[in-house]
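# Geometric and topological summary
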2 protein chains.
Amino acid sequence: MKSKYVYSFEEGKKEMKEILGGKGANLAEMTSLGIPVPPGFIVTTEVCEEYYENDKKYPGEVLKQIEEKLAELEKKIGKKLGAKEDPLLVSVRSGAAISMPGMMDTVLNLGLNDESVIGLAEKTKNERFAWDSYRRFIQMFGDVVMGVEHHKFEEQLTEMKKAKGVETDTELDAEDLKKLVEKFKEIVKKSAGKLFPNDPREQMQMSINAVFGSWNNDRAVSYRRINNIKGLKGTAINVQVMVYGNMGKTSGTGVYFTRDPSTGENKFYGEFLMNAQGEDVVAGIRTPRDIEELKDELPKCYAELVEIYKKIEGHYKEMQDMEFTIQEGKLYILQTRSGKRTAHAAVKIAVDMVDEKLIDEKTAVMRIPAEQIDTLLHKQIDPVAKKEFDVLAKGLPASPGAAVGQVVFTAEKARDWQKEGKKVILVRTETSPEDIEGMDAAKGVLTSRGGMTSHAAVVARGMGKCCVAGADKVKINEKEGYFMVEGVKIKEGDIITLDGSTGELFEGELGVVDPELSDDFEKLMGWADKFRKLKVRTNADTPHDSKVAIGFGAEGIGLCRTEHMFFQGDRIKAVREMILAYDEEGRRKALAKLLPYQKEDFMGIFKEMDGRPVTIRLLDPPLHEFLPHGEKEIEEIAKVLDVSVEKLKEKINELKEFNPMLGHRGCRLVVTYPEIAEMQTEAIISAACELVKKGKKVVPEIMVPLVGMKQEFDFNEEIIRRVAEETIKKYGVKLDYLVGTMIEVPRGALIADELAKKAEFFSFGTNDLTQMTFGFSRDDAGRFITDYMEKGLFEKDPFQTLDQTGTGQLMKIAIKKGRKVRKDLKLGICGEHGGEPESVKFCHKIGLDYVSCSPFRVPIARLVAAQAALEE
Amino acid sequence: MKSKYVYSFEEGKKEMKEILGGKGANLAEMTSLGIPVPPGFIVTTEVCEEYYENDKKYPGEVLKQIEEKLAELEKKIGKKLGAKEDPLLVSVRSGAAISMPGMMDTVLNLGLNDESVIGLAEKTKNERFAWDSYRRFIQMFGDVVMGVEHHKFEEQLTEMKKAKGVETDTELDAEDLKKLVEKFKEIVKKSAGKLFPNDPREQMQMSINAVFGSWNNDRAVSYRRINNIKGLKGTAINVQVMVYGNMGKTSGTGVYFTRDPSTGENKFYGEFLMNAQGEDVVAGIRTPRDIEELKDELPKCYAELVEIYKKIEGHYKEMQDMEFTIQEGKLYILQTRSGKRTAHAAVKIAVDMVDEKLIDEKTAVMRIPAEQIDTLLHKQIDPVAKKEFDVLAKGLPASPGAAVGQVVFTAEKARDWQKEGKKVILVRTETSPEDIEGMDAAKGVLTSRGGMTSHAAVVARGMGKCCVAGADKVKINEKEGYFMVEGVKIKEGDIITLDGSTGELFEGELGVVDPELSDDFEKLMGWADKFRKLKVRTNADTPHDSKVAIGFGAEGIGLCRTEHMFFQGDRIKAVREMILAYDEEGRRKALAKLLPYQKEDFMGIFKEMDGRPVTIRLLDPPLHEFLPHGEKEIEEIAKVLDVSVEKLKEKINELKEFNPMLGHRGCRLVVTYPEIAEMQTEAIISAACELVKKGKKVVPEIMVPLVGMKQEFDFNEEIIRRVAEETIKKYGVKLDYLVGTMIEVPRGALIADELAKKAEFFSFGTNDLTQMTFGFSRDDAGRFITDYMEKGLFEKDPFQTLDQTGTGQLMKIAIKKGRKVRKDLKLGICGEHGGEPESVKFCHKIGLDYVSCSPFRVPIARLVAAQAALEE
């Protein structure tokens, strides 16, 4: 069978995106709907595919089919390409199945040559218009098709204006433009070594080749890489009759949306310019007018537009973004596509459309880009204000939101200043657990080192606090109290603004807009909950976080990090006493002081969680994280602890590790100091028992971190069960609890079958698992991951989006092996990936029971979980 | 069918070790051979197994069969157990299939009671002997069977001697001993709460229970764990007629070997004592006499012994270690087993036995414990001298050999003192690449931190230099120039001795014995080479190391670490200039200075390797390893480099990493600084081309380290191939080279199929792979691995013996995936495991092409590779 390579608009429909491209399929659909679209035809994406497969050639049949469709077009319009009288002019535009705005080439005004320009002038009775169109065509064709550098034409144009003593292009008259056409042709001849083609067929063939060529230009390739666009055949090419909005008072052009893209309100929304071309609207030289005013200018066209927008939205059942041109009182629709919108609008539109019975609830849920709703939950920099400020530096968008405050360099000062009623931003090279109270006091956190899962990032996200991390241009001089960014000096007390959603840092105070959760949002999330299969838990360490997370719909705690509690108030003193103790007895004494605090902490959390499961991880970080590191702090703390500075320093030195990430932490601490796990288990279980006694329901799940060996887990498990049973017996209540393990060490995944013999649940700690699978320290990788991104080695930072190939492979191994031994093994994820859309979908696919993420990511996870289920 | 639980010696043979135990099977075998063995019977290991399976009970049938065999025995000997006249006395001894010397319990003189002791006295006409045997029996039975603390008997004995005013046991007469028997029975009654059993049947049953019980005592369990003894059913029990070497002038006892166990010489070798029991020989109270002297004492017995030893060795075809007792002129053989021997003797005996046609070459190769031959290649502390010194501290046996020298604390001083002709030991907390020259200058290296694959350990092994690592009791005060070990202070300049084979540290100078490779050794290794399939390469960074390795039989270099070259002489200056350069141009300028050095290095190595393949790893460590860290050094180096101290410090600080092991190193450096790989490739390939021009054969294999992603490898490979092709073209020669990758990051193993598309070989870097698979930093793990060992979580340190379950699983995944894509993928290992016997066997089993290890481990690897092939 003969392949069909070229489709007229009448022959296509919106479902044919894959071969006609998005733009082409929509033009065809509108044509079928009877919308006034300038006629044309589409060369399919399959031709592009063959073009690249066959060393940039395509079958002769393609040209033949183009010729046929062109003849049809000429017949339909009654004009001929390159004709001396009233010539047909066309545009040649790219259009892939997925939109890649501005990445590929376009040629307009094709068909003009030394003869047809005269015909155009005569027909339009506008010589200037005809010659201006011609010189624009040569310029665009020369640049895009023949590879002549753009600036050469611009220089000539500038010279001409200078010679004429005028300022703008529009002041050049027809004669000037005629001369310019000659000069432009000269430039083409010299630069390209070839004459500008006078034959419109040659123009067309060259243009088609150029557009196909642009599919693989650097910009387009990077765009696809960055946006993770894969599996496309190539671009289609749309050849369409030119229409002009700049042919006088009854011509014009505009764009409109079928609903308000910023509020979502169901109203006609758009802008237009009279006597102008499309690019003028975009370029912002003239200020466009509100679409309502068109009613006065051209009431018939306005009415027609309103009719069309309703028809189209009703047809597409989706908010549309459209372009139109009016040529001498005749309306043409040039494009329609799904309109971009704010998160707020997206939610409102989806919910409204369900109310309007345009779409069903499932479709509404699928419509919301999950990542976008993050902006609904956080403060945002006022977009208007943002335009007026230059970005001072850019780091990683570590925790979304916006923050304005005075710069401080120490956690202590952050606390002090906050007590004085100041708003502060804590600026540090990298934060450590010692800084937690300071972070809590600050409005936002800025670090010059560390990645998306650095301490600062993880903690800030947990707190729902704005954080920009790893801004490596920020050079901090803590001692002298300032930081430098490429020559700009910001001192302590100066005001800065952070945008945690983009990673941007600004000098001075920018306006900030508060978040607001609408009823529509609640409604939508309710639908999502109906469809999803994955449970969504939260990572929370305090009753406050727990409460926030429940507000966002969390169904349990997937990760409660006990160490964060160790830093509060008097506890840190007891922790340090434990670390400095000479022997087990000393450690037990110090741990006994900690016990009531921990118990109280857990009671608070259990109460808030009100019967929902709470997974508590035993102490994870290396002990040196709890000791001070500055000279002055060491002295102070030595005094408080009543030990010599020397002894304290000696201990600090002794605990120092070359690679603390792979050091003495997690379950390894328990092997050395079993009494720590004993205290923590007693605290957890006695807290639970107290509440059970009061008739509350508590579901504690005790989790052993950093397990890589069966022996490690068994050692920990034995202690936990022993102490738990003793404690339950002491209280004389009935309490069910689970003991499980993190899977965050590659070996843990590899021996999951052995672990599952005793472990009742697995929780994938994908932060550490990613670190060890790649061998990337998350605290150091920021440095080279930037290079990886720039050089195209990474599509996505694996600390942000779960690496399905490597880390994901280990997860699958662990699930398969684990479930083989224990069919009802409970599986979850508590790494930062638990709130990232692509990763959540992966978790759904591989069969986890739940994801756990920071409170502010809970709604995103709920939504994505629903989308994943609906996509199946 | 009725199970057979008990075998008389006549019924067994040596092949029945599994059920009769090693001792029993050999006693049976000797009985069959007509060797005079005191008669007896064996309760099988299966009874022990059932005993544990059935909650410490065994079938009634067992007791019945024991009774039957006992009756047979009584009939054979013509004596009765517990008889009043000439009673039968027996020993009850443990004996598993694998020898566990001294770990389980034994009961001697069983059958004595208040009646039979009188019969014994009458029969032997030696009342003192009879009562002494009786009190010994009560003591042993009380301790072993009835759980009475040993010291209680000893105290009573001491009291008795005191009362009598005598010094030794032998001065007590029969009457004293009679009294002691009464007192001992009192002790048993009080401590055990039961009477000492007078009934010999009861004595026997209790003894058998006790021996089975001792199978699972703490000592035995740890022994099996430490020696990795698995899969045994349990212990057998040997019940054998007692014979006595202490019955007068014509009695005696001794041990002998069929060949000299320290030299291997084929001669009768042994010791004896007249009128003594076996334990007297072992206890060392009296000095045993040379076996030759027995000829004069009891010529008939001597002649009989000689005849027996020849018969037995000829029968077993293996050097035997035997025990004998002569009771009143009658010779009895009590035991025969394979004799322990030195490495030197093992080699000589195996080779001699082949010459004597006793065994074939394969058997000879299988006979040598591979790990043992390590001692043949290194200096050893004189074993005689060693006995006289106390161990000051113990660390890890990081690199074998012995070293004596004066303590120095800095690499600089090591070099300076060595130049002055002093022998020095470099003592450091942990070494870093800066210390290499100092390590080279020292006789040995001692560190207080770090494990078996710490920098000090790896480098020292490569140098064949003695090293004790991670001796954590050594507290170094570098500033003041001393170190402390639990109160002992060792100052700079003091002499210490290290034993790198045991990890021991001694104060003062111990005698040291030089290594010596015999012709026998060469012969044996030649046989090994015939049988093995695995190739053996070496890890070598210099022409000198290469030469040493070839001397040991290396067939190529599996790992040439280029960074070690960076520290020599002027190079380090150029390296530092490169690191401090502001931009690519500056880096290229510094690299240009390094190029000729690197080229020269490679030429030297290629020349030594003379056509053997050489795998060169591109730069691996993080750049900060090349910068100084001490205040004073920074100042000096700033001067040399002509940069400000501040700038240098800033750079050092900038390069600092939280977890350098997971930081900016390996192929990641090349992504940031492609010019480094360009320089290294140019140096490698131009060195090869120069030699090819001179008619030499060179086989370079360029290896990319730390690859976890296909994109990383491809990025590096593209640079290497481009520069290599350019260089080869420039020289106009023909040169084949390979480009491959280390597999040392878990993700690299998981995506091996993707890597194998372009990688021509894989080399498993199991040091790093172990680190990341377990999440153990090898520099820090020393601290908790000790706890793991003590608490039984580890059988073996995974940095010493490859973890087959986890790390090995990743290797298998990589091999399967890699070979699927590239059938002829070359596979090797270059981690430290490449020279460890168990790991080498694993490498053989999973189908690697070669192992690579430090030069001094090459012979071990060759031998084990042969054993692995023969075991198949």
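### A word on the environment of A:Glu872
Residues and elements named next belong to chain A.
- For Glu 872, the position within the fold is in the segment after α35 (858–871).
- Judged by its relative accessible area of 63%, Glu 872 is exposed.
- For Glu 872 and Glu 754, which are 118 residues apart along the polypeptide, the C-alpha to C-alpha distance reads 32 Å.
- Apart from the residues within four sequence positions on either side, Glu 872 is in contact with Lys 533 and His 844.
- Among the polar contacts listed, one links the side chain of Glu 872 to the side chain of His 844, at a separation of 2.9 Å.

### Considering the environment of B:Val548
Residues and elements named next belong to chain B.
- For Val 548, the position within the fold is in helix α20 (residues 543–551).
- In the structure, Val 548 is positioned 308 residues away from Phe 856 in sequence and 8.1 Å away in space, judged by C-alpha atoms.
- For Val 548, the contacting residues outside a window of four places in its chain are Pro 855 and Phe 856.

### Considerations on the sheet that holds strand β2 (residues 40–43) of chain A
Residues and elements named next belong to chain A.
- Ordered by their spatial adjacency, five strands build an open sheet running β1-β2-β5-β3-β4, and the pairing between neighbours is antiparallel. At either margin of the open sheet sits one strand with a lone partner, and together these are β1 (6–8) and β4 (106–110). Going across the sheet, the axis of each strand differs from the next one's by a mean of 20°, ignoring polarity.
- Two strands pair when backbone bridges link them, and β2 and strand β5 (residues 235–241) are joined in this way by four bridges, in the antiparallel orientation. Bridged to Gly 40 within β5 is Gln 240.
- The strands touched by helix α1 (residues 17–33) are β1, β2, β3 (90–96) and β5; relative to β5, the strand with the most contacts, the crossing angle is about 30°.

### Details of unusual backbone geometry
All names here are of chain B.
- Unlike most non-glycine residues, Asp 55 shows phi in positive territory, near 55°.
- Along the chain, Asp 55 falls in the loop between α2 (45–53) and α3 (60–77).
- Classification of Asp 55 as exposed rests on a relative accessible area of 61%.

### A closer look at the nonpolar core
- If you look at the biggest cluster of nonpolar residues, it comprises 286 residues, and the most contacted ones within it are A:Phe606, A:Phe764, A:Phe776, A:Leu848, B:Phe606, B:Phe764 and B:Leu848.
- Sequence-distant contacts of A:Leu848, defined by excluding residues within four places in its chain, comprise A:Leu534, A:Phe764, A:Met811, A:Ile815, A:Leu827, A:Gly828, A:Ile829 and A:Cys843.

### Structural notes on the packing of aromatic side chains
- Enumeration over the complete set of coordinates arrives at 58 aromatic pairs over all chains.
- Ring centres 5.1 Å apart and planes at 70° place the aromatic pair A:Phe776 and A:Phe784 in the edge-to-face group. Across the pair, A:Phe784 and A:Phe776 agree in class, each one buried.
- Ring pairs connect the aromatic residues A:Trp131, A:Tyr134, A:Phe137, A:Phe141 and A:Phe196, which therefore count as one cluster.
- The side chain of A:Lys14 reaches across the aromatic face of A:Tyr316, ending 5.8 Å from its centre.
- A cation over a ring is seen here: B:Arg224 above B:Trp215, with NZ or CZ 3.7 Å from the ring centre.

### Remarks on the interface of chain A and chain B
- Taken together, the contacts link 50 residues of chain A with 50 residues of chain B.
- It is A:Phe658, A:Leu662 and A:Leu793 that lose the most area in chain A upon contact with chain B, and together they represent 15% of the buried surface on that side.
- Linking chain A with chain B are two salt bridges, by the criterion used here.
- We note a salt bridge from B:Arg747 to A:Asp803, for which the minimum N-O separation is 2.7 Å.
- Within the residue set of the side of chain A that touches chain B, elements represented by two or more residues are α25 (645–655), α26 (667–672), α28 (710–731), α29 (746–750), α31 (766–774), α32 (781–790) and α33 (807–821) of chain A.
- For the side of chain A that touches chain B, the residue count by class is 22 nonpolar, 12 polar and 16 charged.

### Focus on the relation of the copies chain A and chain B
- In screw terms, the move from chain A to chain B is a rotation of 179° and a rise of 0.1 Å along the axis, fitting with an RMSD of 0.3 Å. Taken together, the rotation and translation relating the two chain copies correspond to the operation of a two-fold axis. Considering only C-alpha atoms, the residue of chain A closest to the rotation axis is A:Asn659, which sits at 2.1 Å.

### Here we look at the pattern of salt bridges
- Scanning the model with the defined rule gives 152 salt bridges over all chains in all.
- Between A:Glu175 and A:Lys178 there is a salt bridge, with the nearest N and O atoms lying 3.2 Å from each other. Placement of the pair is A:Glu175 and A:Lys178 together in helix α7 (residues 174–192), with a separation of three residues, close to one helical turn.
- B:Lys530 is the partner of B:Glu361 in a salt bridge, and the nearest nitrogen-oxygen pair spans 2.6 Å. One end of the pair, B:Glu361, is in helix α14 (residues 361–367); the other, B:Lys530, is in helix α19 (residues 519–531), with 169 residues separating them in the sequence.
- Under the relative-accessibility criterion, B:Glu361 is labelled partly exposed at 24%.

### Observations regarding helix α12 (residues 299–316) of chain A
Residues and elements named next belong to chain A.
- Here α12 spans 26 Å end to end across 18 residues, near enough to the 26 Å set by a 1.5 Å rise per residue.
- By the burial criterion, the buried members of α12 are Cys 301, Tyr 302, Leu 305, Val 306, Ile 308, Tyr 309, Ile 312, Glu 313 and Tyr 316.
- Trailing α12 by a residue or two, Lys 317 shows a phi angle of about 55°, which is positive.

### Considerations on the pairing of strand β31 (residues 850–853) of chain A
Residue and element names in this part refer to chain A.
- Burial along β31 is two-sided: Tyr 850 and Ser 852 facing one way and Val 851 and Cys 853 facing the other are all buried.
- Of the strand pairs in this sheet, strand β24 (residues 535–539) and β31 are connected by four bridges, and their pairing is parallel. By the bridge assignment, Arg 537 is partnered in β31 with Ser 852.
- This β-α-β element, strand β30 (residues 826–829) to helix α34 (residues 837–845) to β31, shows right-handed connectivity.

### Observations concerning a negative patch on the surface
Residues and elements named next belong to chain A.
- On the surface, Glu 412, Asp 416, Glu 633, Glu 635 and Glu 636 cluster together to form a negatively charged patch.
- Looking at the negative patch, the elements with two or more residues in it are α17 (411–419) and α24 (631–641).
- No other element matches α24, which puts three residues into the negative patch.
- Assignment of secondary structure puts Asp 416 in helix α17.
- Exposure remark for Asp 416: the relative accessible area of 36% places this residue in the partly exposed category.

### Considering the sheet that holds strand β28 (residues 738–743) of chain B
Residues and elements named next belong to chain B.
- Reading around the barrel, the eight strands line up as β24-β25-β26-β27-β28-β29-β30-β31 and close back on themselves, with parallel pairing between neighbours. Going across the sheet, the axis of each strand differs from the next one's by a mean of 25°, ignoring polarity.
- Alignment of strand β30 (residues 826–829) against strand β31 (residues 850–853), held across two bridges, turns out to be parallel. Counted as the bridge partner of Ile 829 is Val 851 from β31.
- On top of the sheet, helix α34 (residues 858–871) reaches β24 (535–539) and β31; it is set at about 160° to β24, its chief contact.

Rules behind the numbers
- Residue indices follow the written sequence of each chain, beginning from 1 at its first position.
- Chains and ligands are labelled sequentially in the order written, the chains with letters from A and the ligands with numbers from 1.
- Only residues with pLDDT of 70 or above have their local features reported here, since the model is predicted, and side-chain atom pairs are shown and tallied only from 80 upward, although totals for entire chains, interfaces and linings are computed over all residues.
- As a rule here, side-chain values come from all non-hydrogen atoms in the structure, and water together with hydrogens is ignored.
- The secondary structure listing takes helices from DSSP runs of H or I that are at least 4 residues long and strands from runs of E that are at least 2 residues long, numbered from the N terminus.
- Throughout this description, buried means an accessible area under 20% of the type-specific maximum (1.4 Å probe, protein chains only), exposed means over 50%, and partly exposed covers the range between.
- Residues are treated as being in contact if the distance between any of their heavy atoms lies within 4.5 Å.
- Pairing of N or O atoms within 3.5 Å defines a polar contact, subject to two protein rules: one partner must be a possible hydrogen donor and the other a possible acceptor, and residues neighboring in sequence count only if both atoms are side-chain atoms.
- Strand pairing is assigned whenever DSSP identifies at least 2 bridges connecting the two strands.
- Interaxial angles span 0 to 180 degrees and are taken between N-to-C directions of axes, which are lines fitted to C-alpha atoms, for helices over the stretch in contact.
- What is meant by a nonpolar core is a set of buried Ala, Val, Leu, Ile, Met, Phe, Trp, Tyr and Cys residues, joined one to another through side-chain atoms within 4.5 Å.
- Each pair of aromatic rings taken from Phe, Tyr and Trp, with Trp reduced to its six-membered ring, is defined by centres within 6.5 Å and is described as stacked if the planes are under 30 degrees apart, edge-to-face if over 60, and tilted in the remaining cases.
- Should the NZ of a Lys or the CZ of an Arg lie within 6 Å of a ring centre and within 35 degrees of the ring normal, that charge is described as sitting over the ring.
- By buried area we mean how much accessible surface two parts lose on assembly, using a 1.4 Å probe and totalling the loss over both.
- Any Lys or Arg side-chain nitrogen found within 4 Å of a carboxyl oxygen on Asp or Glu counts as a salt bridge.
- Basically, the charged four are Asp, Glu, Lys and Arg, the nonpolar ten are Ala, Val, Leu, Ile, Met, Phe, Trp, Tyr, Cys and Pro, and anything else, Gly included, counts as polar.
- A least-squares fit on C-alpha atoms brings the copies together, and the residues used are those whose pLDDT is at least 70 in both copies.
- A helix is expected to span 1.5 Å multiplied by its residue count minus one.
- Seen with the strands pointing away from the viewer, any crossover whose path from the first strand over the helix to the second strand runs clockwise is right-handed.
- Residues qualify for a patch when their relative accessible area is over 30% and they have no salt bridge, like charges being joined within 9 Å and the nonpolar side chains of Val, Leu, Ile, Met, Phe, Trp and Tyr within 5 Å.
- Residue-level accessible areas treat just the shown protein chains as cover; the underlying method is Shrake-Rupley with a 1.4 Å probe.
- In this tally Asp and Glu are treated as negative and Lys and Arg as positive; neither His nor the chain ends contributes.
- Every charge is mapped to an atom, namely NZ of Lys, CZ of Arg, CG of Asp or CD of Glu.

Function-wise, these values are silent; they only describe arrangement.
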